[in-house]
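Working through the structure, step by step
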Amino acid sequence: MQHPTLAWLVVISLSLILRATNTAVIDDSSNEFDCSTPQVLRLTWPENSNFRDPRFIDANSRQATSLLYADGLVRRGLHGTPELSLAESYTVSDDLKTYIFKIRERARWSDGKDITAMDIERNWTSFLESDAGAKCRYLFETARSASATGLNPRERLMITALDKKTLRVTLKKRIDDFLWLLCSPNFMLFKDYDEPHILYGPGPQSPVSGPFIYTKKSSKMHCLEKNHSYWDAENVKLDRIEIRMQQSSRFTLPLFINDEIDFVSYPFGEIDYFALKKSDTSQKSVLIHTEQAQICFWLELNTEDPLLKNIHLRKALSLAMNRSDLSLKMGAHKFKPAITFLPAKAQINPRYFTLNALPQQAAEFLDKAVSELDLPKSTIELEILTTPKEVSPSLSTLIAESLEESLGIKISIREVGHKEYLQRISEKKFQIAHFHWAGYSADPLCFLSLFRHTKPNIYYSNYTSWHNLNYIELLERAQQSNSEETRTKLFSEAERILLDEMPIIPLLECRTDWLQNPQLKNFVINEPNMIDFKWSYFD
């Protein structure tokens, strides 16, 4: 089968496509779908990354392929907002704590068997009982389960199949962006719900719930074809998806330039900007698209540390940070300086931080800290904990250089393996550590809730040991309010508390960037790094 040919200009150009929504939708409604055009999408994937069952992992990059073969009660649609998918309807109680979902009669596994409420109940229970589900398990627990032990999952979690096609979900607390949460691959439907230690996703013989089904899986190539049993099969235009396994992302760009793949964006390959500048692009243009993402990078400060318990030292570090310089050196095409904690799409407060360092004010706060700690400035030494699995090693070096230059104190870097990194931050054996968060919605609560609790396994991460009762109360009141104006005011006050007390130092926001075959239409780039090709086609 011959793939659509490309007629591109002889030019390298950079296109910054910035939208106010939290989803990039590549759509050309002026062109009608032509069924005579070959509908084969060619992608690439890291060779050493397993296609794991997304219920049991907490890594967005490994969950990305699940949108190809799995579906949920709701799914983000072409406009990026939650839309009914396996569910045909739902009702919600006045207190927004009880949801009743009706599952479509047409909802079937790829082997033709009905998808039932019992399937979903078992799926969700297995996820919420896993390590990956710990971050949101408490949202579904009964009031008595917090202190009770020895209860089986159905007694702990308020997820109940009322009949074959009706599911009731009762929340401990209302979640305003609950439908957004259900769009996560963690809540999509997978057949092997009785195997909690699955290492790989579905194989060619495994029934699936989504738009495509596996037909081939090898070390070099994964192939999927349209699932004709899928409830929405009439809106799935692609016939086949071929995913080439690649040893390194440095091979991705040549494949794209040579018209061997149709799309490049993490985790389906990465754009190597250094190689792009050096590459021979005389045969076609390379148009780079970018979209503001909800991925934030910050430093967490251990407020139990003898030095960092001092708020003036924490403020000195933040004011000495040159965020504009960090953005330029990390790549302004990819990283934007953070001016508040919340990302641009969830932003409610005006600028809190300056783009450049404020060395004079930073020095004044450092002098206060030195006086309160009763220590010579020369004895203050701090260490940044980092891991090679993140972008943080190079970022750590830039931060250390910036702080040493502005404050004149020694900043060292400890690079450890990912397992040791997690152990050290859990045991509070660190001073400064890198973190990032990719929000599943643009609701400020999705970000501010990270610091509501001091137990990191409850809701992702707060390893700072920082705790503020007023902050918690503001978030609780915002969560209970039905007024958008009131919620915004409460969130604004909460963010000011977080930034004034400075247990964290916001650094950068990350953009999503991608390359695409210009004939590829109707793919959706959701947060975070979740690319949906359900509606895609080539014109």
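Note that the structure is predicted; figures quoted are calculated from it, not measured.

Structural notes on the sheet that holds strand β12 (residues 240–246)
Pairing between sheet strands relies on hydrogen bonds along the backbone, with the strands arranged either parallel or antiparallel. Spatial ordering of the open sheet is given by β3-β12-β11-β10, a layout of four strands whose pairing is mixed. Here the strands that pair on one side only, and so sit at the sheet edges, are β3 (40–46) and β10 (212–217). With direction set aside, neighbouring strand axes in the sheet form an average angle of 25°. Inspection of the sheet shows β10 paired to strand β11 (residues 221–226) by five bridges, in the antiparallel sense. When the bridges of β11 are listed, isoleucine 213 appears paired with glutamate 225.

Side note on the sheet that holds strand β7 (residues 98–103)
An order of β6-β7-β9-β8 is seen for the four strands of this open sheet, with the pairing classed as antiparallel. Each end of this open sheet is capped by a strand with a single partner; those strands are β6 (87–92) and β8 (159–163). Taking the axes of each pair of neighbouring strands and ignoring which way they run, one obtains an average angle of 20° across the sheet. Pairing of β7 with strand β9 (residues 166–170) involves five bridges; the strand directions are antiparallel. Along β9, the bridge assignment pairs phenylalanine 101 with leucine 167. Packing against the sheet, helix α3 (residues 117–128) makes contact with β7, β8 and β9, and its axis sits at approximately 170° to β8.

Re the nonpolar core
The biggest cluster of nonpolar side chains holds 61 residues, and the ones touching the most others in it are Phe101, Trp124, Phe178, Ile241, Phe263 and Phe533. When residues of this core are assigned to their parent elements, the largest contribution, five residues, is made by α3. Ignoring sequence-local partners within four residues, the contact set of tryptophan 124 consists of Leu73, Ile159, Leu167, Val169, Leu182 and Phe187. In terms of nonpolar packing, the next biggest core, distinct from the first, is built from 36 residues, Leu301, Ala362, Ala369 and Leu507 among them.

Considering unusual backbone geometry
With the exception of glycine, the majority of residues adopt a negative phi angle, and the majority of peptide bonds are in the trans configuration. Not every positive phi belongs to a glycine, and serine 465 is a case in point at roughly 70°. Examined against the element boundaries, serine 465 turns out to sit in the loop between α14 (444–448) and α15 (469–480). You will see that asparagine 522, though not glycine, has its phi angle at about 60°, which is positive. Locating asparagine 522 in the fold gives a position in the loop between β20 (520–521) and β21 (523–526).

Examining the side chain of serine 318
Positionally, serine 318 belongs in helix α9 (residues 311–319). Exposure remark for serine 318: the relative accessible area of 2% places this residue in the buried category. There is a polar contact of 3.2 Å between the side chain of serine 318 and the side chain of arginine 323. With sequence-adjacent residues up to four places away left out, serine 318 is seen in contact with Arg323, Phe353, Met502 and Ile505.

Details of the packing of α9 against helix α11 (residues 359–373)
Contact geometry of α9 with α11 gives a least axis separation of 8 Å together with a crossing angle of 155°. Accordingly, the angle class assigned to the pair α9 and α11 is roughly antiparallel. As for how α9 packs across α11, the hand of that crossing is left-handed. Together, His312, Leu313, Lys315, Ala316 and Leu319 of α9 and Gln361, Ala362, Phe365, Leu366, Lys368, Ala369 and Glu372 of α11 make up the contact between the two elements. Residues belonging to the contact of α9 with α11 are distributed by class as follows: seven nonpolar, two polar and three charged.

Re the side chain of serine 402
Within the secondary structure, serine 402 is located in helix α12 (residues 392–407). Serine 402 has contacts with Ala320, Met321 and Asn322, leaving out every residue within four places of it along the chain.

Details of α9
In terms of burial, α9 is a largely internal element, seven of the nine residues being buried. Those residues of α9 that sit buried are His312, Leu313, Arg314, Lys315, Ala316, Leu317 and Ser318. Capping of α9 at its N-terminal end is provided by asparagine 310; its side-chain oxygen lies 2.9 Å from the backbone amide nitrogen of histidine 312.

A few points about the confidence of the model for the chain
On average, residues of the chain score 80 in pLDDT, and 76% of them reach the 70 mark or higher. Predicted confidence is poor over residues 1–23, with pLDDT under 50, and the contacts of this stretch with residues over four places away or in other chains come to 73 contacts.

Notes on the pattern of salt bridges
Throughout the structure, instances matching the rule amount to 20 salt bridges. Residues arginine 42 and aspartate 262 are paired through a salt bridge, measuring 2.8 Å at the closest nitrogen-oxygen approach. Highlighted residues: arginine 42 in strand β3 and aspartate 262 in the loop between α7 (252–257) and β13 (263–264), separated in sequence by 220 residues. Of the two residues examined, arginine 42 and aspartate 262, each falls in the buried class. Between aspartate 114 and lysine 164 there is a salt bridge, with the nearest N and O atoms lying 2.9 Å from each other. Of this pair, aspartate 114 sits in the loop between β7 and α3 while lysine 164 sits in the loop between β8 and β9, placing them 50 residues apart in sequence. For aspartate 114, a relative accessible area of 27% corresponds to the partly exposed category.

The rules behind each value
- Residues numbered from 1 in each chain as written.
- Predicted model: local features only at pLDDT ≥ 70, side-chain atom pairs only at ≥ 80, totals over all residues.
- Heavy atoms only, no water.
- Pairing = 2+ DSSP bridges.
- Helix = DSSP H or I, 4+ residues; strand = E, 2+ residues; numbered from the N terminus.
- Axes fitted to C-alpha atoms, helices over the stretch in contact; angles between N-to-C directions.
- Contact = heavy atoms within 4.5 Å.
- Core = buried A, V, L, I, M, F, W, Y, C linked by side-chain atoms within 4.5 Å.
- Buried < 20%, exposed > 50% of the residue type's maximum accessible area, 1.4 Å probe, protein only.
- Polar contact = N/O pair within 3.5 Å; in protein donor to acceptor, adjacent residues only side chain to side chain.
- Parallel < 35°, antiparallel > 145°, perpendicular 65-115°, else oblique.
- Left-handed = near helix turned anticlockwise from the far one by under 90°.
- Nonpolar A, V, L, I, M, F, W, Y, C, P; charged D, E, K, R; others polar.
- pLDDT = per-residue confidence, 0-100.
- Salt bridge = Lys/Arg side-chain N within 4 Å of Asp/Glu carboxyl O.

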